[in-house]
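# A look at the structure
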Amino acid sequence: MKSWNDRLNTLGINGITPSPRTIGDVVEGQPMLVPTARQVHAFIRSIPEGMDMNIRALRTALAIEHGAEMTCPVTIGYHLRTVAEAANEDLERGMALGDVAPFWRVVDASTPTTKKLSFGAAFVAQRKREGLER
């Protein structure tokens with residue numbers, strides 16, 4: 001079984017494609033970024049300490065950064081979990097908190113991804129330390 005870090009570092013195919021259908025806030029035919037886990041990881045690492053971003057804002061900003069109108073809502077959910085679980089693996093191996101992707105700046109207790117995390121909502125304490133409200 002692959003570790004979460006293995007999944008994070010697996011080369012993926014990304015690109016911009018017309019959305020095949022309307023789903024959530026993505027309209028059929030709209031130029032949609034299908035990111036890799038590494039792209040999501042890099043973007044999350046760029047969010048400064050003390051700032052947070054909800055998933056919709058992350059999807060929009062990531063899309064704009066890569067020349068699309070929106071980011072795939074399904075893919076972002078998978079990759080957000082991969083980034084969080086990989087960060088947790090790194091912390092369990094003794095890596096310093098400041099050296100892992102700060103997924104808690106995107107994921108909070110009410111984010112659907114939180115229910116799927118193997119470590120639950122333990123990161124909420126880190127959100128509070130950074131002064132993040134939600």
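Here is what the cut-offs are and how they apply
Residues numbered from 1 in each chain as written. Predicted model: local features only at pLDDT ≥ 70, side-chain atom pairs only at ≥ 80, totals over all residues. Heavy atoms only, no water. Pairing = 2+ DSSP bridges. Helix = DSSP H or I, 4+ residues; strand = E, 2+ residues; numbered from the N terminus. 1 Å grid on protein atoms, 1.4 Å probe; cavity = no way out; pocket = protein on both sides within 12 Å on 5 of 7 lines; lining within 4 Å. Points joined across faces, edges and corners; volume = space filled by probe spheres on them. Nonpolar A, V, L, I, M, F, W, Y, C, P; charged D, E, K, R; others polar. Core = buried A, V, L, I, M, F, W, Y, C linked by side-chain atoms within 4.5 Å. Buried < 20%, exposed > 50% of the residue type's maximum accessible area, 1.4 Å probe, protein only. Contact = heavy atoms within 4.5 Å. Salt bridge = Lys/Arg side-chain N within 4 Å of Asp/Glu carboxyl O.

## Considerations on the pairing of strand E2 (residues 31-34)
Examined bridge by bridge, strand E1 (residues 15-18) and E2 share four bridges and lie antiparallel to one another. Bridge assignment links Pro-18 to a residue of E2, and that residue is Pro-31.

## Focus: the layout of surface pockets
In this structure, the largest pocket spans a volume of roughly 270 Å³. Lining the largest pocket, in full, are Trp-4, Ile-55, Pro-73, Val-74, Ile-76, Gly-77, Tyr-78, Arg-81, Thr-82, Pro-112, Thr-113 and Lys-116. Broken down by element, the lining of the largest pocket gets its largest block of residues, seven residues, from helix H4 (residues 73-92). Residue composition of the lining of the largest pocket, grouped by class: seven nonpolar, three polar and two charged. Along the walls of the second largest pocket sit 16 residues, with Arg-7, Thr-10, Gly-12, Ala-37 and His-79 positioned nearest its centre. Listing elements by their share of the lining of the second largest pocket, those giving two or more residues are helix H1 (4-9), helix H2 (37-45) and H4.

## Considering the nonpolar core
If you look at the biggest cluster of nonpolar residues, it comprises 27 residues, and the most contacted ones within it are Ile-44, Val-83, Phe-103 and Phe-123. When contributions to this core are tallied by element, the ones reaching two or more residues are H1, H2, helix H3 (55-65) and H4. Those residues in contact with Phe-123 that lie beyond four places of it in its chain are Phe-103, Trp-104, Val-107, Asp-108, Thr-114 and Leu-117.

## Some remarks on the pattern of salt bridges
Applying the stated criterion across every chain, the model contains six salt bridges. Between Arg-59 and Asp-25 there is a salt bridge, with the nearest N and O atoms lying 2.7 Å from each other. With Arg-59 in helix H3 and Asp-25 in the loop between E1 and E2, this residue pair connects regions lying 34 residues apart in the sequence. Between Asp-52 and Arg-127 there is a salt bridge, with its nearest N and O atoms 3.2 Å apart. Of the two residues, Asp-52 sits in the loop between H2 and H3 while Arg-127 sits in helix H5 (residues 124-129), which places them 75 residues apart along the sequence.

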